[in-house]
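Structural features, examined
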Amino acid sequence: MDLSNLNDKQKEAVLHNKGPLLVVAGAGSGKTRVLTTSIAYLIKEKNVDPVNILAITFTNKAANEMKERVANLLGKDVSYLWIGTFHSICARILRMNIDKLGYDNNFTIYDTNDQKTLVKEIIKDLGYKDEISPKEALNIISYCKNKSIYPDEFLKLNTFYVKQEEYYKIYKNYEKRKFEYNSLDFDDLILKTLDLFAESPDTLTYYQNKFEYIYVDEYQDTNKSQYELIKFIGKLHNNITVVGDADQSIYSFRGADINNILDFEKDFKDAKTIKLEQNYRSTSKIINAANKLIENNTERKDKVLWTSKKDGAEVLYKKSSLETEEASFVVNEVTSLLKDGYKLSDIAILYRTNAQSRIFEEVFMKKLIDYKVIGGLKFYDRKEIKDLVAYLKVLVNPKDDISLKRIINEPKKGIGQKTIEGLEKEASKLGFSLTELVTDPSLFNGLTEKYKNTCRKFYDPLKDIFEHYSDYLIVDLIENVLDKSGYLKSLEESYSIENRSRIDNLNEFMSSAAEYQSNNPEDNIYDYLENLSLLSDLDKTEESNEAISLMTVHSSKGLEFKVCFIVGMDEGLFPSKRSIDEGNIEEERRLCYVAITRAMEKLYITSAEIRRQYGQPVYYKPSRFLNELDGSIKKLDQDKTQTFSNHELRVKTNEDYMRDKARESVLKKKTIKESSKEEFKIGDNILHSKWGKGMIVQIKLSTDGNELVVAFDKKGLKKLNQDYAPIKKV
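All figures in this text were calculated on a predicted structure; none of them were measured in a lab.

Reading across the sheet, the six strands line up as β3-β2-β6-β7-β1-β8 and stay open at both edges, with parallel pairing between neighbours. Since the sheet does not close on itself, it has two edges, and those belong to β3 (82-85) and β8 (272-276), each with one partner. Put simply, the sheet's adjacent strands are angled 15° from each other on average, direction ignored. Looking at chain direction, strand β2 (residues 53-57) and strand β6 (residues 213-216) are connected through four bridges and run parallel. Bridging from a neighbouring strand, I53 pairs with Y213 of β6. Set on the sheet, helix α1 (residues 8-15) makes contact with β1 (21-25) and β8; between it and β8 the angle comes to about 145°. Along the sheet, helix α3 (residues 60-74) makes contact with β2 and β3, crossing β3 at roughly 155°.

UniProt annotation of "binding site: ATP" (unreviewed entry) refers to A25, G26, A27, G28, S29, G30, K31 and T32 when read in the numbering used here. With respect to the secondary-structure elements, A27 resides in the loop between β1 and α2 (31-44). Take A27: its relative accessible area is 2%, and that puts it in the buried class. Relative to the elements of secondary structure, G28 occurs in the loop between β1 and α2. If we skip the residues at most four places from it in the chain, G28 touches Q278, N279, Y280 and R281.

Along the chain, the position of L636 falls in the loop between β16 (634-635) and β17 (652-653). With sequence-adjacent residues up to four places away left out, L636 is seen in contact with L316, Y317, K318 and F329.

Rules behind the numbers
- Residues numbered from 1 in each chain as written.
- Predicted model: local features only at pLDDT ≥ 70, side-chain atom pairs only at ≥ 80, totals over all residues.
- Heavy atoms only, no water.
- Pairing = 2+ DSSP bridges.
- Helix = DSSP H or I, 4+ residues; strand = E, 2+ residues; numbered from the N terminus.
- Axes fitted to C-alpha atoms, helices over the stretch in contact; angles between N-to-C directions.
- Contact = heavy atoms within 4.5 Å.
- UniProt positions renumbered as here; feature names shortened; annotations may be inferred.
- Buried < 20%, exposed > 50% of the residue type's maximum accessible area, 1.4 Å probe, protein only.

Rendered as structure tokens:
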């Protein structure tokens, strides 16, 4: 088999065919080529039966690409090979063996909607309907399964969940009913396979004998149960090859454990490590910047990327005074790039959070530049934005029943579809629209007690706003709607990462409204809604493949573009404030490293001194990562403009502002125990919700929240802010 297209390190990895192997594959180093060539080499040159090879990836796309490449190398169909995702491989094993766990082999795999329906049913039966959201319960159940935590173990955990007993009962009943219904959910596929191997040693022995060679892609993204599965199956032959890069481990929020790759040599005796350090994607200027940044991390396998490509263009950094100027700089550079021969599809805008897309979407819409949001919805199509706009429309248009139906039960008030249909009939009898009926208390008296109470549930919290909405400034009106409706509170009381993102988007919407108000001081809520409609109309063009890609850095993993803009490189934004407070800077740095290594030819980095938070201007410092990149980036001149009026410039620093917002939020919700109320001293043993047990070894007193240095059993030293870190004494 011809291996001349491989470099020396790639060839060494392919020729290794006995014992455990860790391939540390840097970004753009050709890891897929190594994996697929290794499989093809075993089959063609070592006469290994294809059915004795197991290859596991994380996405169906990656699995299909792997099959296609192996097929091309061998010149024959390989669809029968055991190449797939963790979940598809486990589903295949269970379909043949799950009867040993008491299930029928024709079990159903629940999708998200099926899960939600079942959890709703359980919550109702347990009498928790008004206390617990099905989504929250499912988030907690999924978290537990990714950590291999069963219901009874969950009950024994020291957690920060206020309603732990209730969640335990939901989780236990959920598992019981799925068994009764002969069904599994997505997370069950791995757990039940582990259960199968534990309950049926013969089945485990069969698969251990069968899979003589095991390959695992993106090993840095594996969680506890995936790690256990690999160890179980690979124990007999011990021919386990894992490919990954600790520097690209960015999914801890999904349960990924970086220690799986860092501890590979400890976990698998006599393991060999091969480093793929030659990058085939980026210019040397971009590679040098990536190396300079990531060398500041300690949780990593030492490696230095290099490339034989030319230096290429300088990595450019532009600091703007305002976020609007940052967006203008980006759109002007895009226009220049197009004139230089680049296509729209060559360009990507990368940001830390989904909410940051809004300002770039608007400038592209206004300049009639096609764009698409990868891995998410366009800003004004996001649920929470559409909900808020519907609230505003109902205020100004008492006949807008479409908008009312969207939000009459948002947040949940127990107003179901049948009740809405009944109210529609009552409104029709009286000769009014549904919205007029629900928002006019003088019409309530003619209704039954049930319908009267339904109307009051929606109207009473918003009574003052309905009566005086035209007296409010646009931003104040939005803030009051979010507050009085309970919409923002329902998101703040959630444990869901998705709902944190929704809060960010609502914050960005308020910032957009504040910007509009500042530019159009005479306009009212009618004018603002008309402006939103015009923006929306601009955005209704058919999405083209020839478009700029907008995405979070997480969504960019595995992709590459000729030109990348990393925007919002501000302290508190990237790295995020939450990561700073929780001492999780290394993962943020890895995330920045991933962003840099998406660029092939040109890389721009931008920041802004002043951004709006909840409609108010807030100062940001440039990200600490920019200091770490110093010497590998070229700084462009900053525009010195100031467009805020004096009364607006009650500007705080981002740290002060976000601290105030966080404290205000914590005061509003009592769902999480506050570590700031506890007295800590050096030597105290604490429990962190994510990093487990540790001991406080140093305390720096501060009015902004004491800084605790904690030595964690498994994570080493971490700095935490006492006011925000999810910790408690044990």
